[in-house]
Amino acid sequence: MTHAKRQRRGSLLLTVLIVVVILTLTCVAFYDWAFAEYKAADVGQRQLQTKLAAESGIEYTRYLLALDEATIVSGGGLTSNPADMQTILPGADGQYDPRPALRCRYAIVAPALDSYHEFAGYRFGLEDESARLNLNTILVADARDPRGSLGRSLLMGLPGMTESIADAILDWLDEDDEPREFGAERDYYTSLSPAYEPQNGPLESIDQLLLVREVTPELLFGFDRNRNYIVDNDEAQLYGIENVDNSTGSLNRGWAAYLTLRSGERNLRADGSPKIDVNAEDLETLHAELSEVLDADQANFIIAYRQGGAYDEDDEEDTGIEDNAGPVEQRKSAGSLDFDYEQGGSVPIDSILDLIGTQTRVVENGETQRTIVEEAFPEDPGSMQAYLPVMMENLTAGGQPVIPGRLNINQAPRVLLDGLSYTMPEALPPQAVEQILANRSFEPATDQPDQKYETWLLTNGIVTLDQMKQLMPLVTAGGDIYRVQVVGYYEAEGPFTRLEAVIDASGVIPTISSVRNLSPLGAGFTVEQLGFLE
């Protein structure tokens, strides 16, 4: 009996030990699970903090773009401004965690240009989309060319581009199904496996170009796969681009660095008020508005031009002047004219530049007179330097609120300016490109205010008046749609978020056009590169 009791006691002890072990293992497993959950929650929270920081950077950019020009300039500008776009602590009242591992910051970065005006590295600032070639407006430029080859020529300026790919891109964009000389249309794409239809309209993403015949990821995105504006050592070893000379690094970031789908500038004055439309129907009101910004000769001349058109002594038949006007009887300065506003203005002004170096004729009772109105906008450089910035700031010949798709000559990389010269050598010869690069100011408002308008090429003698007229539809000196890459990060090593946004400031309130999460491509930047304050 005693032996049996001892056996039962031994079995009970063994059972208790087994239960204790099981409970201990369960507790350990629960602890490991709970700790893992805690770590996951902590990582998730820290990741969320970097995402919120990056989103704060986008909203901060919207705030900057909503400021008036004078405030932006006094604050350091938008192009390179580390004080306002690097190591920023989101939050209020300066209440931040004293531990670096728990302090989250954001930085706003954009691609930089080297002394050769090629892409090299990064800066803390915004990227003007007008410094890129707008694919969605390239067909408009193509339509201006009687030969119908301007679009192809513009694309041929891109490094590594071929006529075959250029025509295929244009065919992908245009609405018809008729292939260009070297292009590809619906018949080609529907014969593939799997088959698909061409876009035949504006692109929604640059990535869609990968569907175009012969366009490869290497050509479109180059070596910089993580989009940090630098070709890292591991990226440089990935591949080569066949039959393309990349000795200058012009294809390090691929065609995507030179292309945009959305660019434009506000057709407003610096204070945000509308410009005066010189083609307005009410000439009396137009004259009153012109008199507020121009002298009497200039304001009167514009009204006289609207009524009488351009007068050319060498070829009167091409001026629209009535044959019965007869020979010139006298000449008058525009300031001495009186107008019959009721007869209106039958002659539109195609470009502000049409007023320069031009004379007109007096019109009375609907009849062109023999009296010549002397020029009020002389073509000599000294005079143009005085009046042309005033005209460009205050006048417009179109009236549209936003002018889309023109190329920013002050910020565009060398490749695109060379491409424009290749396209229109008669308007922008290669030596003119070199002069632009040598004399331009990246952000004119903080350096050379006269370069706020594309006509600085004319006033500085880089191009002639006729050349400037050809360039005006294609070039500008600045834009109002910007691209930003915002990085949210911790001062100590930790999670990060990289967001790329396009912000449209061409309207009354800056709006976010698109946001892309670049985080899956990697951190891109180290904490030391982005910077932090001790």
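Here the structure is shown first, and the text comes after it.
In this numbering scheme, every chain counts its residues from 1 along its sequence in written order. A pLDDT threshold of at least 70 governs which residues receive local features in this predicted model, and a stricter bar of 80 or more applies before side-chain atom pairs are shown or counted, although totals over entire chains, interfaces and linings include all residues. Just so you know, side-chain values use all the structure's heavy atoms and leave hydrogens and water out.

**Some remarks on the packing of helix α13 (residues 414-423) against helix α14 (residues 430-439)**
The condition that has to hold: As a rule, the C-alpha atoms of each element are fitted with a line to give its axis, helices using only the stretch in contact, and angles between N-to-C directions run from 0 to 180 degrees. For helices the rule is a DSSP run of H or I covering at least 4 residues; for strands it is a run of E covering at least 2, with both sets numbered from the N terminus onward. Angle categories: roughly parallel below 35 degrees, roughly antiparallel above 145, roughly perpendicular from 65 to 115, and oblique for all the rest. With the far helix as reference, a near helix turned anticlockwise by less than a right angle produces a left-handed crossing, and one turned clockwise produces a right-handed crossing. Note on contacts: a residue pair is in contact if any heavy atoms of the two residues lie within 4.5 Å. Residue classes follow a fixed rule: Ala, Val, Leu, Ile, Met, Phe, Trp, Tyr, Cys and Pro count as nonpolar, while Asp, Glu, Lys and Arg count as charged, and any other residue, Gly among them, counts as polar.
Following both chains from N to C, one finds α13 and α14 inclined at 150°, their axes separated by 9 Å at the closest point. The orientation of α13 with respect to α14, classified from their angle, is roughly antiparallel. Once α13 is placed against α14, the crossing between them reads as right-handed. Between α13 and α14, the contacting residues are R414, L417, D418 and S421 on the first element and P430, V433, E434, I436 and L437 on the second. Of the residues assigned to the contact of α13 with α14, the class counts are five nonpolar, one polar and three charged.

**Here we look at the side chain of N134**
Under the convention used in this document: By the criterion applied in these results, polar contacts are pairs of N or O atoms within 3.5 Å in which, for protein atoms, one can donate a hydrogen and the other can accept it, and in which residues neighboring in sequence qualify only through two side-chain atoms.
As for its position among the elements, N134 is in strand β4 (residues 133-134). At 2.9 Å, the side chain of N134 forms a polar contact with the backbone nitrogen of N136. Setting aside residues no more than four positions away along its own chain, N134 makes contact with T260, L261, R262, S263 and G405.

**Structural notes on the nonpolar core**
Heads up, the condition is: What makes a nonpolar core is a set of buried Ala, Val, Leu, Ile, Met, Phe, Trp, Tyr and Cys residues whose side-chain atoms join them at distances within 4.5 Å. Here's how the labels work: a residue is buried when its accessible area is under 20% of the maximum for its type, exposed when over 50%, partly exposed in between, all with a 1.4 Å probe on protein chains only.
Counting residues in each nonpolar core, the largest one holds 91 residues, and the members touching the most others are L155, L209, W255 and F377. The element contributing the most residues to this core is helix α6 (residues 163-173), with seven residues. Among residues more than four places away in sequence, those in contact with L155 are L133, L135, I138, M161, A166, I169 and L170. Counting residues in each nonpolar core, the second largest holds 30 residues, with L78, C104, I108 and V527 among its members.

**A look at the side chain of N81**
Mapped onto the secondary structure, N81 falls in the loop between α2 (69-74) and α3 (82-85). Within polar-contact distance, the side chain of N81 engages the backbone oxygen of G77 at 3.1 Å. Not counting the four nearest positions on each side in its chain, N81 is found in contact with G75, G76 and F124.

**Notes on a nonpolar patch on the surface**
Basically, it comes down to this: Patch rule: a residue counts if its relative accessible area is over 30% and it has no salt bridge; like charges are joined within 9 Å, and nonpolar side chains (Val, Leu, Ile, Met, Phe, Trp, Tyr) within 5 Å. Here the open area of atoms and residues is found with the Shrake-Rupley method and a 1.4 Å probe, where only the protein chains shown may cover a residue. One side-chain nitrogen of Lys or Arg within 4 Å of one carboxyl oxygen of Asp or Glu is enough to make a salt bridge.
A cluster of nonpolar side chains, contributed by L12, V16 and V20, occupies part of the molecular surface with about 260 Å² of accessible area. The topology assignment puts L12 in helix α1 (residues 2-66).

**A closer look at unusual backbone geometry**
Residue P194 follows S193 across a cis peptide bond; omega there is 0°. Tracing the backbone through its elements, the reader meets P194 in the loop between α7 (186-189) and α8 (217-221). Positive phi outside glycine occurs at R227, with the angle close to 60°. Relative to the assigned elements, R227 resides in the loop between α8 and α9 (233-236).

**Focus on the pairing of strand β2 (residues 119-123)**
Here is the rule we go by: Think of it this way: DSSP has to see at least two bridges between two strands before they count as a pair.
As paired strands, strand β1 (residues 104-113) and β2 are joined by three bridges and run antiparallel to one another. Bridge pairing in β2 places P111 opposite Y122. From the end of β1 to the start of β2, which pair antiparallel, there are five residues, and H117 there has a positive phi angle of about 65°.

**Brief notes about a negative patch on the surface**
In plain terms, the rule: Neither His nor the chain ends contribute to the count of charged residues, in which Lys and Arg are positive and Asp and Glu negative. Charge positions come from single atoms, namely NZ of Lys, CZ of Arg, CG of Asp or CD of Glu.
A grouping of E281, D282, E284, E289, E292, D340, E342 and E364 is seen on the molecular surface, where their side chains present a negatively charged patch. Ranked by the residues each element gives to the negative patch, the list is headed by helix α10 (residues 283-293), at three residues. Along the chain, E284 turns up in helix α10.

**What to know about the pairing of strand β10 (residues 359-364)**
Among the six residues that make up β10, five are buried, leaving the element largely enclosed by the rest of the structure. Alignment of β10 against strand β11 (residues 367-373), held across four bridges, turns out to be antiparallel. Of the residues in β11, the one forming a bridge with R361 is I372.

**So, the packing of aromatic side chains**
Formally: Here a pair means two rings of Phe, Tyr or Trp (six-membered ring of Trp) with centres within 6.5 Å. Their orientation is stacked below 30 degrees between planes, edge-to-face above 60, and tilted elsewhere. Lysine and arginine charges are scored as sitting over a ring when NZ or CZ, respectively, is within 6 Å of the ring centre and within 35 degrees of the ring normal.
The tally for this structure, following the rule as stated, stands at 13 aromatic pairs. Ring geometry for W172 and Y189: centres 5.0 Å apart, planes at 75°, overall edge-to-face. In this pair, W172 is assigned in helix α6 and Y189 in helix α7, connecting sequence segments 17 residues apart. You'll find W172 and Y189 in the same group, each marked buried. Measuring from centroid to centroid gives 6.2 Å for F339 and Y341, while their planes differ by 35°, and the two rings are tilted. What makes F339 buried here is its relative accessible area of 18%. Using a relative accessible area of 25% as the deciding quantity, one classes Y341 as partly exposed. Cluster of aromatic residues (ring-pair linked, three or more members): W172, Y188, Y189 and Y196. Positioned above the aromatic ring of Y490 is the side chain of R46, whose terminal nitrogen or guanidinium carbon lies 4.1 Å from the ring centre. Directly above the aromatic system of Y188 lies the positively charged group of R213, at a separation of 5.9 Å from the ring centroid.

**Some remarks on the sheet that holds β10**
The strand order β8-β10-β11-β9 describes an open sheet built from four strands, whose pairing is mixed. Every interior strand has two partners, whereas the edge strands, β8 (310-311) and β9 (330-332), have only one. As paired elements, β9 and β11 share three bridges and run parallel to each other. Note on β11: the bridge partner recorded for Q330 is T371.

**Notes on the pattern of salt bridges**
The tally for this structure, following the rule as stated, stands at 24 salt bridges. D167 is the salt-bridge partner of R152, the closest N and O atoms lying 2.9 Å from each other. Taken together, the residues R152 in helix α5 (residues 150-156) and D167 in helix α6 connect sequence positions 15 residues apart. As far as burial versus exposure is concerned, R152 and D167 are alike and both buried. Salt-bridge contacts for R266 lead to D480; the nearest nitrogen and oxygen are separated by 3.9 Å. Residue R266 is found in strand β6 (residues 264-266), and its partner D480 is found in the loop between β15 (475-476) and β16 (481-490); the two are separated by 214 residues along the sequence. Among the residues examined, R266 registers a relative accessible area of 29% and is labelled partly exposed. A relative accessible area of 16% places D480 in the buried class.

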